[in-house]
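# Examining the three-dimensional arrangement
The residues making up each chain are set out below.
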Amino acid sequence: MKVASDIPTALRVEGGAGELTLDLRDIQVTEAGSARALADARRPSHAARRHPRPHRGGGRERRYRGARRGRGAGERARPRRGDVRRARRLRYDPPIRSLLLATIVVALSASLGATASADEGWVIERFSAQIIVRQDSSILVTEQYDVDFAGLEKHGVFREIPARYDLSETHERVYELRVRSVTDSGGRAWRYERSDQGRFVRLRIGDPDRAITGKQTYRIVYEVRGALNGFENHDELYWNVNGVWPVATRQATARVQLERGDVTNAACYQGRFASTEPCRTAARAGSAEMTATRPLVPGEQMSIVVGFPKGAVAAPAMLVEEKPREPGRWWEITPAALAGAVLVLLAGLAWLASRYVSGGRDPEGRVTVAPEYAPPEDLRAAEVGLLIDENADPKDLTATIVDLAVRGYLAIEEVPPSGLLGSRDWILRRGKKSDATLAGHESALLLGLFASGNEVKLSSLKGTFHRTLEQAQRLLYRAAVERRWFPADPAKVRNAWRGIGLAVALLGGFATIALGVRWGAGLVGTALALVGVATIVTAAAMPKRTATGQELLRRTLGFRMYMDTAEADRQRFAERENIFAKYLPYAIVFGLVSKWARAFEGLDVEKAVQGWYTGSSYASFPAFSHGLAEMSSSVSSVIAATPASTTGSRGGSGFGGGGFSGGGFGGGGGGGSW
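Residues numbered from 1 in each chain as written. Predicted model: local features only at pLDDT ≥ 70, side-chain atom pairs only at ≥ 80, totals over all residues. Heavy atoms only, no water.

## Topic: the layout of surface pockets
Using a probe with the size of a water molecule, rolled over the atoms, empty space left in the structure can be pinpointed. To keep things clear, this is the line we draw: Residues are said to line a cavity or pocket when one of their atoms sits within 4 Å of a point; the points come from a 1 Å grid over protein atoms alone, cavities being sets where a 1.4 Å probe fits but cannot get out and pockets being open sets with protein on both sides within 12 Å along at least five of seven lines. Grid points are joined across faces, edges and corners, and a volume is the space filled by probe spheres set on the points. Secondary structure elements are defined from DSSP: runs of H or I of at least 4 residues count as helices, runs of E of at least 2 residues count as strands, and each element is numbered from the N terminus. Under this grouping Gly is polar, as are all residues other than the nonpolar Ala, Val, Leu, Ile, Met, Phe, Trp, Tyr, Cys and Pro and the charged Asp, Glu, Lys and Arg.
If you add up the space inside the largest pocket, you get close to 1300 Å³. As for the largest pocket, its lining consists of 43 residues, of which P162, N240, G243, V244 and Q301 are closest to the centre. Counting residues per element, the lining of the largest pocket draws most heavily on strand 8 (residues 156–162), at 7 residues. A per-class count over the lining of the largest pocket returns 23 nonpolar, 11 polar and 9 charged.

## Let's talk about the packing of aromatic side chains
Put simply, the rule is: A pair of Phe, Tyr and Trp rings is counted when the ring centres sit within 6.5 Å of each other, with Trp represented by its six-membered ring. The angle between the planes then sorts it: under 30 degrees is stacked, over 60 is edge-to-face, the rest tilted. Relative accessible area decides the class of each residue, using a 1.4 Å probe on protein chains only: under 20% of the type maximum gives buried, over 50% gives exposed, and in between gives partly exposed.
Within the structure shown, the criterion is met by 16 aromatic pairs. A centroid spacing of 6.1 Å and a plane angle of 25° characterise the contact between F559 and Y562, whose relative ring orientation is stacked. With a gap of 3 residues between them, F559 and Y562 both fall in helix 11 (residues 547–564), about one helical turn apart. Judged by its relative accessible area of 0%, F559 is buried. With centroids separated by 6.0 Å and ring planes inclined at 65°, the aromatic side chains of F559 and F590 adopt a geometry described as edge-to-face. Placement of the pair is F559 in helix 11 and F590 in helix 13 (residues 579–590), with a sequence separation of 31 residues.

## Digging into the side chain of R173
The cut-off we apply is this: His is not counted here, nor are the chain ends, while Lys and Arg score as positive and Asp and Glu score as negative. What makes a salt bridge here is a side-chain nitrogen of Lys or Arg within 4 Å of a carboxyl oxygen of Asp or Glu, nothing more. Residues adjacent in sequence count toward polar contacts only when both atoms are side-chain atoms; beyond that, a polar contact is any pair of N or O atoms within 3.5 Å, and within protein one must be able to donate a hydrogen and the other to accept it. Any two residues whose heavy atoms approach within 4.5 Å at even a single point are treated as in contact.
Here R173 shows up in strand 10 (residues 171–174). Of the buried charged residues, R173 lacks a salt bridge, with E236 as the closest side chain of opposite charge at 8.5 Å. Engagement of the side chain of R173 in a polar contact is seen with the backbone oxygen of L228, the distance being 3.0 Å. Filtering out sequence-adjacent residues up to four positions away, R173 remains in contact with A163, R164, Y165, L167, G226, A227, L228, N229, M318 and L319.

## Section: the sheet that holds strand 24 (residues 410–415)
Which entries qualify depends on this criterion: Whether two strands pair depends on DSSP finding at least two bridges between them. Note on definitions: angles span 0 to 180 degrees between N-to-C directions of axes, and those axes are lines fitted to C-alpha atoms, for helices only across the stretch in contact.
Pairing is mixed in the open sheet, where 4 strands are placed in the order 26-25-24-27. Where the open sheet ends on each side, the last strands, each with one partner, are strand 26 (455–457) and strand 27 (613–614). Direction of pairing for strand 24 relative to strand 27: parallel, over a ladder of 2 bridges. Each residue of the ladder has a partner; that of E413, found in strand 27, is T614. The strands touched by helix 7 (residues 440–449) within the sheet are strand 24, strand 25 (425–430) and strand 26, with strand 25 carrying the most contacts at an inclination of about 110°.

## Digging into the environment of L237
Here L237 lies in strand 16 (residues 234–240). Taking the C-alpha atoms as reference points, L237 and A227, 10 residues apart in sequence, are found 7.1 Å from one another. Not counting the four nearest positions on each side in its chain, L237 is found in contact with I131, V133, I139, A227, L228, V256, I304, V305, V306 and F308.

Now the structure itself:
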């Protein structure tokens, strides 16, 4: 909008809806109320009337034209009776004229601006609908739009036709709509695309590769089933002719023709939603014509009602479908859904229990556990740990490192903490013994520890040792299967059952959605998902020991019983101080390091660990056990740590001939407009 300035006597307002020019030198006031309001606005206060003073603008005093004679200059003259009822010409001083100008600018700006905001720059010159009501109760609709795009470049128009209407919270009325043709005024086909968007059928008419301007005609022919309404004494068509458009429609017409029978009554309404403003209706024997009595502004619609006697068409049948269920209605507690859920849950848990009994439960054997005074069959610490919990975890392999030190394959040196907040570290040095006789997992650990030299600081292995740990675990599992402790690799068995559980849980999730949307029986799918979760939880118990493995476990528990009594039978253990270091790795696996150390209280710690451990934790066996526990914790965290993730995704480099336009491993995507 632009306003002419510099002259308070003229005003020009330009907007999208047009242009208005006003001469403000003389304003004709024809409404009594307006004159009175202006007079009240100019009337001074009581104090001003008692002490008049000159107006600031040029020293002139305000006075009404035609004031009574004899009044002093500067005093206000009372209007004569009836003055406010007559049309009068008023002159205003520049400040008042400026105030009036501003008021008019605001009012006109709001009016013209609102119109301009709703105006898209084109117009529907004529909208006509021809509707044939067939004897089979379907209708054939021909809509024609004569539009004028003026100088705008457009691809075409789109038409949204409702095909679904709400009947209740659970059901909706459906119209079966089939498009027959989309042509111009000469019968040439327009290119169009049909899509279902919610409750609308959307027709986008036009060529995306071709821009058009000026006047165009679009004729859409489509048939609809399920649109007629049946009543006790008549049938009728109640039809919204044009719907809501963002531009003005200068002329709107509709004609309804019956294939058989006469129109008994007809009505037409125009305007905004819920308006009862009538439009022109003319009913004849077998037809009715309706015409809007005025142009329709953006957002206004035209609806028609045409009634005809029973028998003119086949009995109208309303097409009704159940609405897609909202998530809140997926879990309806009905007898059928509840029974199905209970059945699925019980059947799933029964299946899981049967699989555990047949494939996961250890064979029965001797159950009596008696003390063993040495590891059964000279099993190593990690092998003992695997037999106990069927899992080769970092604690078992940490005990292996201590075992290798005790047996002379490496030496451990404690590094005191530096500073107040520092932490202890340990240096590992490779021994001179050959590793030819070591088990597979022991050789893998030794090679991984000293891959870069014969000396390594424990903290430097963090984030680089996880692959060695995984290899040692695989070798330990493989050896256990080869020695027939387990019929299958326990890690693979656990992972297989976790995969089965995950698949069942996902299937239950999909079933919850499918059954919930269709029948509200999401409880059945949820029960299946719970079976999957139970399978994942139970996967840890699914590895199975053989009879050989079960017997070794019984004897291993006897050896643990022996070590667990170490503190109570301190004297006997003190006499055998040479076994402290030998059985220390097993104490780590059993979680009995403190008890094992207290059994040797009073003996020379430095002598007991001589040759494989040096450091400051020699005050007593309990002090040494504390330091060893700290070391074991550090070793477990270091060897199990994975590398820190890096920002972005891994992929081929864009250099060296590997790059291409549109490639890359970050960002991307795109978009556009029609």
